[in-house]
Amino acid sequence: MRLLANEAAVAIGVSGGKDSCAVAIAVDRHLSVIGHTGPRILIHADLGRMEWRDSLPSCQRLAERIGWELVIVRRQAGDLLHRWNGRWANNVARYAALECVQVILPWSTPSMRFCTSEAKTKVIASALAKRFPGRPILNVTGIRREESATRRAKPVCAIDSNLATRRREALVWNPIIEWPIEHVWRTIVAASLTHEAYAVYGSTRVSCVFCIMSSIGDLRAAASCPDNHDIYRAMVDLEARSTFAFQGNRWLADTAPHLLDADMRRAVTRARLAAHERMQLEARLPRHLLYVKGLPTIVPTREDAEMLASIRRRISALLGIDADYLTGPAVRDRYEELFGTRRRNASFS
């Protein structure tokens, strides 16, 4: 590869999991064979309370095994649970101010993975840009096509849009993308680099201890580790307060209900009932009342405004939201105000 011949910096994002350990071992061997002389680092995005206890030690063992420097980065605005709680507070405020018509969930989702982009991708890219100004960078990942349909479509190399500039060439490199899982396991077992999530608790993946992408088996594996009990209860608490299940229709509370006290179990039961009613109420909303790009497209009729006000009163009571705009006239006034904003924005575009 041309960038390697030009002494590009090689940075491998590592989580302590099987794929990142395997790709680090494979790349280290390859670089030694071709005589690469550029800088090499492992970089770990620490997820704070969402991290398995053994993840950072696993990365440290990997660094010692291959003799690379390990760089640790963190999201400065707080960990992922802090982000979810903050998102929920902001979404409640938006609903109270009729800046959105439906209540917005606190969690990231498979189609909206701000957890990965904010807690990993952006902080790693920022650290690499500062560490290697002007030098070409190969940003290495351990993704494999066998893992998902999305990853099957990934190329071996692509421009890294988070790092590439007019002055710096940067590529994402996926060198083990064709590896089967058996090859990954053989590589890390031979190197004695098996994370406790696999060896002790039977998980099939290492990321956040409770991940939006986790199977029920991996959620139960995480819940079986005593180190994860506090974060489990904190996440269930957010489910109960928000009335939104962690994974669509799958409640994290169902994973290990024996870890919850009686008060929390009652709170979850109330949240389920409230979630059902909230969804039924929101299903009554006609499409033309919903916002597009955060603003209304019409001013509702008096009948529609009264209906929306009635729904807002009930949902606000269900979720304990101190909302404004709970009467038909107030709803119409708010829509007129926001619709005016849309018209002014359109006139400037």
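Parameters at a glance
- Residues numbered from 1 in each chain as written.
- Predicted model: local features only at pLDDT ≥ 70, side-chain atom pairs only at ≥ 80, totals over all residues.
- Heavy atoms only, no water.
- Helix = DSSP H or I, 4+ residues; strand = E, 2+ residues; numbered from the N terminus.
- Buried < 20%, exposed > 50% of the residue type's maximum accessible area, 1.4 Å probe, protein only.
- Contact = heavy atoms within 4.5 Å.
- Areas by Shrake-Rupley, 256 points an atom, 1.4 Å probe, with all protein chains shown as cover.
- Lys, Arg positive; Asp, Glu negative; His and termini not counted.
- Charge placed at Lys NZ, Arg CZ, Asp CG, Glu CD.
- Core = buried A, V, L, I, M, F, W, Y, C linked by side-chain atoms within 4.5 Å.
- Polar contact = N/O pair within 3.5 Å; in protein donor to acceptor, adjacent residues only side chain to side chain.
- Axes fitted to C-alpha atoms, helices over the stretch in contact; angles between N-to-C directions.
- Parallel < 35°, antiparallel > 145°, perpendicular 65-115°, else oblique.
- Left-handed = near helix turned anticlockwise from the far one by under 90°.
- Nonpolar A, V, L, I, M, F, W, Y, C, P; charged D, E, K, R; others polar.

Peer 1: Outline the overall build of the chain, supporting the account with residue identities and numerical values.
Peer 2: Helix and strand counts for the chain come out as 13 helices and six strands. Along the longest, intermediate and shortest principal axes, the C-alpha atoms of the chain span 75 × 55 × 30 Å. Looking at the chain as a whole, 50% of its 349 residues are labelled buried. When contacts within the chain are restricted to residue pairs at least 6 apart in sequence, those whose partners lie at least 24 apart make up 72%. Approximately 16,900 Å² of the chain is accessible, and the part contributed by carbon and sulfur atoms is 52%. Side-chain charges of the chain comprise 50 positive and 36 negative groups, with the mean position of each set lying 4 Å from the other.

Peer 1: Let's hear about the nonpolar core: which residues, and what values?
Peer 2: With 65 residues, the main nonpolar core has Trp84, Phe210 and Met235 as its most contacted residues. Elements represented by at least two residues in this core include exactly helix H4 (80-96), helix H5 (114-131), helix H8 (196-199), helix H9 (216-223), helix H10 (229-242), helix H11 (262-283), helix H12 (302-319) and helix H13 (328-348). Setting aside anything within four residues of it in sequence, one finds methionine 235 in contact with Met50, Leu81, Trp84, Trp107, Phe210, Phe246 and Leu252. Membership of the second largest hydrophobic core comes to 30 residues, among which are Ile12, Cys21, Ala22 and Leu171.

Peer 1: Explain the side chain of serine 108 to me, and be specific about the residues and the numbers.
Peer 2: Among the structural elements, serine 108 can be located in the loop between H4 and H5. Its relative accessible area of 1% is what places serine 108 among the buried residues. Within the local environment of serine 108, its side chain forms a polar contact with the side chain of tryptophan 84, the two groups lying 3.2 Å apart. Once residues within four sequence positions are removed from consideration, serine 108 is found in contact with Trp84, Arg113, Phe114, Cys115 and Ile212.

Peer 1: Go over the packing of H4 against H12, please, and point to the residues and values.
Peer 2: Packing of H4 against H12 leaves a shortest axis separation of 11 Å and a crossing angle of 150 degrees. The angle between the axes of H4 and H12 places the two elements in the roughly antiparallel class. Both H4 and H12 take part in a crossing whose hand is left-handed. Residue-level inspection shows Trp88, Tyr95 and Ala96 of H4 in contact with H12, the latter providing Ile311, Arg312, Ile315, Ser316 and Leu319. The residue inventory of the contact of H4 with H12, partitioned by class, reads six nonpolar, one polar and one charged.

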